[in-house]
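Structure assessment
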Amino acid sequence: MVKPALLMTGEMMPLIMRGCEVAFTVHRYWEAADRDAFLKEVGPSVQAICTGSITGVKTTDPMMGLCPNLKIISNFGVGYDSIEVPAASRRGVVITNTPDVLTEEAADTALGLVLTTVREFYRAEKWLRDGHWAKEGDYRLTPSLRDRSVGIVGLGRIGKAIARRLEAFGVPISYYGRNRQASVGYPYYADLVSLARGVDTLIVVTPGGPETQNLINAAVLNALGPRGILINISRGSVVDEAALIAALKARTILAAGLDVFQNEPRLNPAFLELDNATLFPHLGSASQFTREAMGQLVVDNLMAFIAGKPPKTPVPETPFKGW
Ligand code: 8YV
């Protein structure tokens, strides 16, 4: 039996590679010397795309146009801002992502980033390793989470898992989002600058994409003020990086903890010069356990297509209406 064709945009973890190869003829987009010519050749047979922001390839409208029989784009990751969603929706292509399985891991990472940024744990350990403790004495006293209040930008699944952890830490929480959530008791701000003015620690968990581009701008950072700490675990695109670097340099905010950047992995080198920035290499979901669960869901969605069944986790913009 001839296997349906799948376009893979970049090398994926072995679990996904094996899963795809069992059921599909896999076309390796990233290995093609001339990607346009490659897509013109294989595109007409392609019914599935397997991708993720990890591959660094955007799945664009013209790409989809060269795959007229495309039915499903299975995305590795809960965020699918590397896919042109309106184009998929218009073409009747279902996008699937990997929600839920990474929620707790991403929230753990967020708390790790908050604590590392506020309490300077990384720099304190370096102090010890570099021999300063014995020679010069204790590491300096740090800021604290004890006298802080946190604003969460985007109270979705991951935002709520972060909030649950912060509640256990005894930290007051408020949130900003497009709408007030009836089932949520935390104070709601309809205006982001007002939230930034009302708290001293902002955790950004909102999805990326055109709607949230540069949402965290100079006005928000100004409102956060000189005690302010910005934590970003969503997407680099959500933060105006030039404004953030300027604010960190001028110390108009205190510090930032960043897990995501524009142009990953080649982040703006100015970040490396800042002693008040804590920088993680996009660790959000990056444990063996969680990445395997995500990989399995990527494969399960593709297998649902092969079996003629509804996909497990279609994104809201492209609901399943039949293959
Ligand atoms: C992914 C993420 O692992 O799920 C997401 O949207 O940002 C990460 O947890 C990442 O997309 C892979 O690079």
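Residues numbered from 1 in each chain as written. Predicted model: local features only at pLDDT ≥ 70, side-chain atom pairs only at ≥ 80, totals over all residues. Heavy atoms only, no water.

Thoughts on the packing of aromatic side chains
- Using the criterion set out here, one finds five aromatic pairs in the structure.
- Ring centres of Phe-305 and Trp-323 lie 5.0 Å apart, and the angle between their planes is 80 degrees; on these two criteria the pair is classed as edge-to-face. One end of the pair, Phe-305, is in helix 12 (residues 288–306); the other, Trp-323, is in the segment after helix 12, with 18 residues separating them in the sequence.
- With relative accessibility at 29%, the residue Trp-323 sits in the partly exposed group.
- Grouping aromatic residues by their ring pairs yields a cluster made of Phe-305, Phe-320 and Trp-323. (Phe/Tyr/Trp six-rings, centres within 6.5 Å; stacked < 30°, edge-to-face > 60°. Helix = DSSP H or I, 4+ residues; strand = E, 2+ residues; numbered from the N terminus. Buried < 20%, exposed > 50% of the residue type's maximum accessible area, 1.4 Å probe, protein only.)

A short note on unusual backbone geometry
- Of note, the amide linkage connecting Glu-264 to Pro-265 takes the cis form, showing an omega dihedral of 0 degrees.
- As for its placement among the helices and strands, Pro-265 is situated in the loop between strand 11 (255–258) and strand 12 (277–279).
- You will see that Asp-100, though not glycine, has its phi angle at about 65 degrees, which is positive.
- With respect to the helices and strands, the residue Asp-100 is situated in the loop between strand 5 (94–96) and helix 5 (103–119).
- Owing to a relative accessible area of 48%, Asp-100 belongs among the partly exposed residues under this scheme.
- With a phi close to 45 degrees, His-282 is a non-glycine residue in the positive phi region.

Considering the site of the ligand
- Taken together, the residues surrounding the ligand are Ser-53, Ile-54, Phe-76, Gly-77, Val-78, Gly-79, Leu-102, Arg-235, His-282, Ser-285, Arg-291 and Met-294.
- The side chain of Arg-291 places a nitrogen or oxygen atom 3.1 Å from an oxygen atom of the ligand.
- Here the ligand, which alone exposes 330 Å², has 91% of that area covered by the protein. (Near = heavy atom within 4 Å. Polar contact = N/O pair within 3.5 Å; in protein donor to acceptor, adjacent residues only side chain to side chain. Areas by Shrake-Rupley, 256 points an atom, 1.4 Å probe, with all protein chains shown as cover.)

Observations concerning the packing of helix 5 against helix 8 (residues 157–168)
- Between helix 5 and helix 8, the least distance of the axes is 8 Å, while the angle of their chain directions is 55 degrees. Classified by the angle between their axes, helix 5 and helix 8 sit oblique to one another. Remark: the crossing between helix 5 and helix 8 carries right-handed chirality. Contact residues: Thr-103, Glu-104, Ala-106, Ala-107, Asp-108, Ala-110 and Leu-111 in helix 5; Arg-157, Ile-158, Ala-161, Ile-162, Arg-164, Arg-165 and Leu-166 in helix 8. (Axes fitted to C-alpha atoms, helices over the stretch in contact; angles between N-to-C directions. Parallel < 35°, antiparallel > 145°, perpendicular 65-115°, else oblique. Left-handed = near helix turned anticlockwise from the far one by under 90°. Contact = heavy atoms within 4.5 Å.)

Section: the sheet that holds strand 7 (residues 173–176)
- Strand order across the open sheet formed by seven strands is 8-7-6-9-10-11-12, with parallel pairing between neighbours. Taken across any chain shown, the strands that pair with only one partner, and hence form the sheet edges, are strand 8 (188–189) and strand 12.
- Strand direction decides the pairing type here: strand 7 and strand 8, joined by two bridges, are parallel. Within the sheet, the bridge partner assigned to Tyr-176 lies in strand 8 and is Tyr-189.
- Each of strand 9 (201–204), strand 10 (229–232), strand 11 and strand 12 is contacted by helix 5, which is oriented at about 150 degrees to strand 10, the strand it contacts most.
- Contacts between helix 8 and the sheet are confined to strand 6 (150–153), strand 7 and strand 9, with strand 6 contributing the most and set at about 165 degrees to the helix. (Pairing = 2+ DSSP bridges.)

Observations concerning the nonpolar core
- The biggest cluster of nonpolar side chains holds 49 residues, and the ones touching the most others in it are Ile-16, Ile-152 and Ile-162.
- With seven residues, helix 5 is the largest single contributor of residues to this core.
- Counting residues in hydrophobic clusters, the runner-up holds 28 residues, among them Ala-196, Val-204, Leu-244 and Ile-253. (Core = buried A, V, L, I, M, F, W, Y, C linked by side-chain atoms within 4.5 Å.)

Some details on the packing of helix 1 (residues 14–23) against helix 12
- Two elements in contact, helix 1 and helix 12, have axes separated by 9 Å at closest approach and are oriented at 10 degrees. Looking at the two axes, helix 1 sits roughly parallel to helix 12. Of the residues in helix 12, those touching helix 1 at Leu-15, Ile-16, Gly-19, Cys-20 and Ala-23 are Glu-292, Gly-295, Gln-296, Val-298, Val-299, Leu-302, Met-303 and Ile-306.

Some words on the layout of surface pockets
- Its volume calculated, the second largest pocket comes out at about 210 Å³.
- Looking at the second largest pocket, it is lined by 13 residues, and the ones nearest its centre are Tyr-122, Arg-123, Ala-277, Thr-278 and Leu-279.
- Only helix 6 (121–129) and strand 12 provide two or more residues apiece to the lining of the second largest pocket.
- Split by residue class, the lining of the second largest pocket holds seven nonpolar, two polar and four charged. (1 Å grid on protein atoms, 1.4 Å probe; cavity = no way out; pocket = protein on both sides within 12 Å on 5 of 7 lines; lining within 4 Å. Points joined across faces, edges and corners; volume = space filled by probe spheres on them. Nonpolar A, V, L, I, M, F, W, Y, C, P; charged D, E, K, R; others polar.)

Describing the domain arrangement of the protein
- The domain architecture assigned to the protein consists of domain 1 (5–99 + 289–306) and domain 2 (103–279).
- Each of domain 1 and domain 2 has a C-alpha centre, and these two points are 32 Å apart.
- Of the roughly 470 Å² buried at the junction of domain 1 and domain 2 (both faces included), carbon and sulfur atoms supply 47%.
- Among the ionic pairs, Arg-235 bridges to Asp-81, the shortest N-O distance being 2.9 Å.
- Summed over the shared surface of domain 1 and domain 2, the result is two residue pairs in polar contact (both at pLDDT 80 or more). (Domains from an automatic or database assignment. Buried area = accessible area lost by both parts, 1.4 Å probe. Salt bridge = Lys/Arg side-chain N within 4 Å of Asp/Glu carboxyl O.)

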